[in-house]
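# Report on the structure
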Amino acid sequence: MIVKLPDGRIVEHHGPATLKDVLVTTNKELLKTTVGAKLDGEVVDFHRVLPADANVELISLDSPEGAAIYRHSYSHIMAQAVRRLFPGVRLAIGPAIEDGFYYDFDVEKPFTPEDLEKIEAEMKKIVKENYKFERLEVSKDEARHFVKDEPYKLELLDEIPDERVSFYRDGDFIDLCRGPHILSTGQVKHFKLLSVAGAYWRGDETQKMLQRIYGTAFATKEALEQHLQMLEEAKKRDHRKLGKELEIFFFDEEVGPGLPLWFPKGAVIIEELEKLAKETEEKADYLRVRTPHICKESMYLRSGHLPYYQESMYPPMEMEGVKYYLKPMNCPHHHKIFAALPRSYRDLPLRLAEYGTCYRYEKSGELFGLMRVRSMQMNDAHLYCSLEQFESEFLAVCQMYLDYFKLFGIEKYLMRFSTHDPKDLGKKYVNEPELWKQTEEMVRRALKSGEINYVEVAGEAAFYGPKIDVQVWSAIGREFTLATNQVDFAQPRRFELVYKNAQGQDEIPICIHRAPLSTHERFIGFLIEHYAGAFPVWLAPVQAVVLPITDRQHDYAEKVLQRLKDAGIRAELDSSSHTLNYRIRHAQMQKVPYMLVVGEREAQNEQVAVRLRNERDLGAQPLTKIIDMIAKKIASRDPSL
RNA sequence: GCCGGCGUAGCUCAGCGGUAGAGCAACGGUUUCGUAAACCGUGGGUCGGAGGUUCGAUUCCUCUCGCCGGCUCCA
């Protein structure tokens, strides 16, 4: 047997053995820092008897695979503690997740924060008691007998195809589990329970709600502390906190949940984003349109929104016996614009764009600051094209995302190709099985030809077609779809959209829905966190603040302010009677990119002393030069100061 | 929508069965200052809302609204 150690050295062992046997005889030290091994890509633990010809690579505690193993072990330790403290509990599932673990429990009374403390204390005991994790393999029948009082485990067992299944035991606790696990409960000592929350069994809202406890664990005390501190830091860049502090947006109880109000500073950011979108779309030959916020019921019956999207729509208002709905999407209105004129193949691709205002009745518990709201303005456009044009149109849209992301410095994102799940046809998705297959294949081909990295997820498509979603994460780690690029084969048919092809025959166009800049709400929510409130100059609500040192420079400061404004720079003058230090601190906390200090010397020489938001001091500079510099940064949307 | 937690001044928070307090902010005055908090003073709250228990409720109970952590769902 060949064992590759984390430092690259190789250890040989003769005959079959468990990993533990090998390490005990060759390198006992490694028993402390190794949590398992990789055997032909499969992760195995200490307990597996490995064949004589095995070629394994050790997994150390500090590797990502190692972390997943000990975190999973911690979900067992937590379940063990819960079982000791709440004997009537029924166990559901307990996996490792990114940065931690959870376990779902069915308990009579939901856990309180005090319960969490008790559970944590009990877990510490279990860690100290240092039980070995033992693997037991049994037949399914034996397994059923083992878990006869655990309804959730029985359900899980029924779904395991294998004839034999494994259990893991540590001390007084045993759980159905594939493994692998750490050597013993004392091998990793640093953990913390973070929160309790309700969670439906199998994530299905028709099923029973269980109690989920989240926790985190790390190989070292330092790593745990660092992680906890990172969580604290993340809270500081939470857009809900910064949004109010920087006077960007707020919510008002009386206006309603999920209905943000934008302060003037927020409106500035919106205007800048719209300017960017208009410029970009104009270059790409998009045409702007405008549509009303409501429409009659009949249009949403035709579009398919009413059968497939109704639960996300505000209830209708009735006038003169006709029902009107607030629009949850802009597409039907745009389809009407396509249909309003006779279209020829020469008109295609036709790209209709609008920052459309939509309203969606999101369930109250789903609302989340600006990231999930009920009123939103979408960076929307619908591209109508022929089958032949599809690929290049689709890829051009993907390229547009990537260009935007580069501009904003967005590096951490995931392109997700969302396809339909055939079992939901007619329920979540329009019932066109063949068209679904064809369209999805078309998108797959386009993605491959464009060499775009993506993951494919079934069951996440829009009701009218597959889509590419760009996933990002909020400061506190919640995942959101930022941009979206969707293919629609259903609505063009339903709206009877046609164009005359070169042979003079009617053809149905394909429609691409796209929103690379997401909605103003979600995009700005995301940007606030992405920049931690320190927007690049072109987006900063206040780009420069003029700070006269004393009242004697007031006139000159006014002049500087005027010159800045004349150059199109959003500038303010802070001539309040606070000390200079105070005013600098204030500007700094408002994340104003440029602080222009003017004292006696600057006033005499037509200069300003420039302090940057990043605390760099450019010293005294000619006013003209600085104005020129800032104006250039704005015009080129330069991310640097 | 579901499970749990929380709502006290603009913000961060203290208090608690006898009708409210701090710091910062705001406002007034003094200060005129060279790169992250000058000094003094003043005002500000139907303690989220409604009902109940009580001689008396911000405090205890019920309902309701909103927010937060998740689940589900999504731009």
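What you see is a predicted model; the values in this text were computed from it and never measured.

All right, on to helix H9 (residues 264-283) then. Look at H9: 29 Å from first C-alpha to last across 20 residues, which is about the 28 Å you get at 1.5 Å a residue. Regarding H9, the residues found buried are Lys265, Gly266, Ile269, Ile270, Glu272, Leu273, Glu274, Leu276, Ala277 and Glu281. Positive phi appears at Asp285, one or two residues downstream of H9, with a value of about 60°.

Attention shifts here to the protein's contact with RNA strand B. Contacts to RNA strand B come from 59 residues, most closely from Tyr200, Arg372, Thr579, Arg585 and Glu602. The sugar-phosphate backbone supplies 52% of the atoms of RNA strand B found within 4 Å of the protein. Here a base oxygen of RNA strand B and a backbone polar atom of Arg601 are 3.5 Å apart. Looking at the surface near RNA strand B, the elements that each hand over two or more residues are strand S14 (190-200), strand S15 (209-218), helix H8 (239-245), strand S27 (479-488), helix H18 (580-589), helix H19 (600-605) and strand S34 (607-612). Its residues placed into classes, the surface near RNA strand B shows 20 nonpolar, 18 polar and 21 charged.

Time to look at the sheet that holds S27. Ordered in space as S18-S22-S23-S30-S27-S26-S24-S25, the eight strands form an open sheet in which the pairing is mixed. Either end of the sheet is taken by a strand with one partner, and the two such strands are strand S18 (287-288) and strand S25 (455-458). Sheet topology places strand S22 (residues 350-359) next to strand S23 (residues 375-385); 10 bridges connect them, and they run antiparallel. Looking at S23, one finds that Gly356 is bridged to Met378. Across the sheet, helix H14 (residues 433-449) lies against strand S24 (414-419), S25, strand S26 (467-473), S27 and strand S30 (510-515), angled at about 160° from S24, the strand it touches most.

What follows concerns the packing of aromatic side chains. Tallying each qualifying case throughout the model produces 26 aromatic pairs. With centroids separated by 5.8 Å and ring planes inclined at 90°, the aromatic side chains of Phe105 and Phe111 adopt a geometry described as edge-to-face. Of the residues examined, Phe111 reaches a relative accessible area of 7% and is grouped as buried. For the ring pair Phe408 and Phe523, a centre distance of 5.0 Å and an interplane angle of 80° mean the geometry is edge-to-face. Of the two residues, Phe408 is situated in helix H13 (residues 387-408) and Phe523 in helix H16 (residues 520-530); the sequence distance between them amounts to 115 residues. With respect to burial, Phe408 and Phe523 carry one shared label: buried. Three or more aromatic residues joined by ring pairs make a cluster, and in this case those are Phe86, Tyr103, Phe105 and Phe111. One cation-aromatic arrangement involves Lys412 over Trp473; the distance from NZ or CZ to the ring centre is 4.6 Å. Lying over the aromatic face of Trp538, Arg637 brings its terminal NZ or CZ to 5.0 Å of the ring centre.

Time to look at the domain arrangement of chain A. For chain A, the assigned domains read domain 1 (2-60), domain 2 (65-228), domain 3 (249-531) and domain 4 (544-636). Computed from C-alpha atoms alone, the centre-to-centre distance between domain 1 and domain 2 is 26 Å. Taken together, the contacts link 15 residues of domain 1 with 13 residues of domain 2. Run the count over domain 1 and domain 2 and you get one salt bridge. Linking Glu65 and Lys38 is a salt bridge whose minimum nitrogen-to-oxygen distance equals 2.7 Å. At the surface where domain 1 touches domain 2, the tally comes to five residue pairs in polar contact (both at pLDDT 80 or more). Every element with two or more residues in the side of domain 1 that touches domain 2 is listed here: helix H2 (30-33), strand S4 (34-39), strand S5 (42-44) and strand S7 (55-60). Here the side of domain 1 that touches domain 2 is composed, by residue class, of six nonpolar, four polar and five charged.

Here we come to the pattern of salt bridges. A complete count under the given rule lists 42 salt bridges for this structure. Its salt-bridge partner being Asp172, residue Arg84 comes within 2.9 Å of it at the nearest N-O pair. In this pair, Arg84 sits in helix H3 (residues 64-85) while Asp172 sits in the loop between strand S12 (164-170) and strand S13 (173-176), placing the two residues 88 residues apart along the sequence. Under the relative-accessibility criterion, Arg84 is labelled partly exposed at 25%. Measuring nitrogen to oxygen at the nearest pair gives 3.0 Å for the salt bridge that ties Glu281 to Arg514. Residue Glu281 is located in helix H9, and its partner Arg514 is located in strand S30; the two are separated by 233 residues in the primary sequence. Like Arg514, Glu281 is buried. Within this structure, Arg84, Glu122, Lys125, Glu129 and Asp172 form a network of salt bridges that share partners.

What counts, and where the lines are drawn
- Residues numbered from 1 in each chain as written.
- Chains lettered and ligands numbered in written order.
- Predicted model: local features only at pLDDT ≥ 70, side-chain atom pairs only at ≥ 80, totals over all residues.
- Heavy atoms only, no water.
- Helix = DSSP H or I, 4+ residues; strand = E, 2+ residues; numbered from the N terminus.
- Expected span 1.5 Å × (residues − 1).
- Buried < 20%, exposed > 50% of the residue type's maximum accessible area, 1.4 Å probe, protein only.
- Near = heavy atom within 4 Å.
- Polar contact = N/O pair within 3.5 Å; in protein donor to acceptor, adjacent residues only side chain to side chain.
- Nonpolar A, V, L, I, M, F, W, Y, C, P; charged D, E, K, R; others polar.
- Pairing = 2+ DSSP bridges.
- Contact = heavy atoms within 4.5 Å.
- Axes fitted to C-alpha atoms, helices over the stretch in contact; angles between N-to-C directions.
- Phe/Tyr/Trp six-rings, centres within 6.5 Å; stacked < 30°, edge-to-face > 60°.
- Lys NZ or Arg CZ within 6 Å of the ring centre and 35° of its normal.
- Domains from an automatic or database assignment.
- Salt bridge = Lys/Arg side-chain N within 4 Å of Asp/Glu carboxyl O.

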